[in-house]
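Fold and contact review
In case you want the letters, here they are:
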Amino acid sequence: MATVNLNPNGCPVGGTNVVGSSNSIHSIQGKDQWVKLNVGGTCFLTTKTTLSRDPNSFLSRLIQEDSDLISDRDETGAYLIDRDPRYFAPVLNYLRHGKLVLDDGLSEEGVLEEAEFYNVTHLIGLLKDNIARREQRPAADKKRVYRVLQCQENELTQMVSTMSDGWRFEQLINIGTQYNYGTEENAEFLCVVSKECANTLIGREVESNDRAKVLQQKGSRM
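Residues numbered from 1 in each chain as written. Predicted model: local features only at pLDDT ≥ 70, side-chain atom pairs only at ≥ 80, totals over all residues. Heavy atoms only, no water.

1. A short note on the overall build of the protein
Heads up, the rule is: A run of DSSP states H or I qualifies as a helix once it reaches four residues; a run of E qualifies as a strand once it reaches two. Both are numbered from the N-terminal end. Think of it in three bands: with a 1.4 Å probe and only protein chains considered, a residue is buried below 20% of the maximum accessible area for its type, exposed above 50%, and partly exposed in between. When checking whether two residues touch, look at their non-hydrogen atoms; a contact exists if any pair is within 4.5 Å. A 1.4 Å probe and the Shrake-Rupley method give the accessible areas. Residues count as covered only by the protein chains that appear here.
Looking only at helices and strands, the protein has eight helices and six strands in total. Burial status across the protein gives 32% buried among its 222 residues. In the protein, once contacts between residues fewer than 6 apart in sequence are set aside, the share between residues at least 24 apart is 55%. Accessible area of the protein: about 14,700 Å², with a carbon and sulfur share of 48%.

2. Comments concerning helix α5 (residues 108–118)
Residues of α5 that are buried: E108, G110, V111, L112, E114, A115 and Y118. If you follow the buried residues of α5, they end up packed against β1 (34–39), α3 (58–62), β3 (79–81), α4 (85–97) and α6 (121–135). A positive backbone phi angle near 55 degrees is found at N119, which sits one or two residues after α5.

3. Considering the sheet that holds β3
Short version of the rule: In this description, strands pair whenever DSSP reports at least two bridges between them. Between the N-to-C directions of two axes lies an angle of 0 to 180 degrees, each axis being a line fitted to C-alpha atoms and, for a helix, fitted only over the stretch in contact.
Spatial strand order, β2-β1-β3: three strands in an open sheet with mixed pairing. With partners counted over all chains shown, the strands left at the sheet margins are β2 (42–47) and β3, one partner each. Neighbouring strand axes in the sheet, compared pairwise and without regard to direction, differ in orientation by 30 degrees on average. In terms of strand pairing, β1 meets β2 through six bridges, oriented antiparallel. Note on β2: the bridge partner recorded for N38 is C43. Sheet strands in contact with α4 are β1 and β2, and its direction is about 10 degrees off that of β2.

4. Observations concerning the side chain of T46
Inspection of the secondary structure assignment puts T46 in strand β2. Take T46: its relative accessible area is 3%, and that puts it in the buried class. Beyond its immediate chain neighbours, meaning those up to four positions away, T46 contacts Q33, W34, V35, L37, L51, L92 and R96.

5. So, the pairing of β1
Linking β1 to β2, which pair antiparallel, is a turn of two residues; within it G40 sits at a positive phi near 55 degrees. When β1 meets β3, the two strands line up parallel, connected through three bridges. Note on β3: the bridge partner recorded for N38 is L80.

6. Quick word on the nonpolar core
This is how the line gets drawn: Residues belong to a common nonpolar core when they are buried Ala, Val, Leu, Ile, Met, Phe, Trp, Tyr or Cys residues joined through side-chain atoms within 4.5 Å.
L37, L59, I81, F88 and Y118 are the most contacted members of the largest nonpolar core, which has 27 residues in total. Residue assignment for this core shows that the elements contributing at least two residues are β1, α3, β3, α4, α5 and α6. Top contributing element to this core by residue count: α4, with six residues. Those residues in contact with I81 that lie beyond four places of it in its chain are L37, N38, V39, G40, F58, L59, L62, F117 and Y118. Listed in part, the nine residues of the second largest apolar core include C151, M159, W167 and A187.

7. With respect to the packing of α5 against α6
Going by this rule: For this classification, under 35 degrees means roughly parallel, over 145 means roughly antiparallel, 65 to 115 means roughly perpendicular, and everything else is oblique. We call a crossing left-handed when the near helix sits turned anticlockwise from the far one by less than a right angle, and right-handed when that turn is clockwise. Following the grouping adopted for this structure description, the nonpolar residues are Ala, Val, Leu, Ile, Met, Phe, Trp, Tyr, Cys and Pro, the charged ones are Asp, Glu, Lys and Arg, and the polar ones are all others, Gly among them.
Between α5 and α6, the shortest axis-to-axis distance is 9 Å and the interhelical angle comes to 155 degrees. Taken together, the axes of α5 and α6 lie roughly antiparallel to each other. α6 is crossed by α5, and the crossing has left-handed handedness. The residues of α6 that touch α5, namely those facing E108, E109, V111, L112, A115 and E116, are L123, I124, L127, K128, N130, I131 and R134. Grouping the constituent residues of the contact of α5 with α6 by class yields seven nonpolar, one polar and five charged.

8. Digging into the confidence of the model for the protein
Spelled out, the test is: Every residue gets a pLDDT, meaning the predictor's confidence in that residue, from 0 to 100.
When pLDDT is averaged along the protein, the result is 74; 66% of the residues meet or exceed 70. A low-confidence stretch, residues 1–29 stays under pLDDT 50, and its non-local contacts, those more than four residues away or across chains, total 19 contacts. In the predicted structure, residues 201–222 sits below a pLDDT of 50 and forms 26 contacts with residues beyond four places in sequence or in another chain.

Now the structure itself:
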């Protein structure tokens, strides 16, 4: 692509009049095709052709000369969009090549939220189909994960009642340790909880209760 160097007055450098040349025209037209988007502080550079792949989308409407959308721009002229850039990237790449590619740590539900915000119709349908198929996977694709937690007698009720994120109570074991709290004698327990998750998530589960301790050594001696 040919480029034209301009002096501070906006005239071509070197004294040669190239404004009317075909290379200059192609350069200007090519520059006009590029669009900068500032999504949540991260800049993306793409083309009007890419953003217009879905004519009814927010992105296509945004770049129209007679757009009915109002958007601020940053100091570089990029459109400012207050959304999560991590989940915008798969949406933009889908418009580029028509395929859905998710990096590790990104959920289809999160991308669906963005696809619905930008109103990218075909991507919305694809994500909803993927999520529906995932929910209908046979039991062989899922595995129950168990955790062993230590708790004190006076914490049992609160811990069981506040379990969330799919965890459920399985078994309570008195480990025989006694401690005194004021004038009362209390016991300690091992609380076994479980959660069903996809095999692809095994090994990446994070314990939701920060205060709980996994008693691997003590449990192995029982």
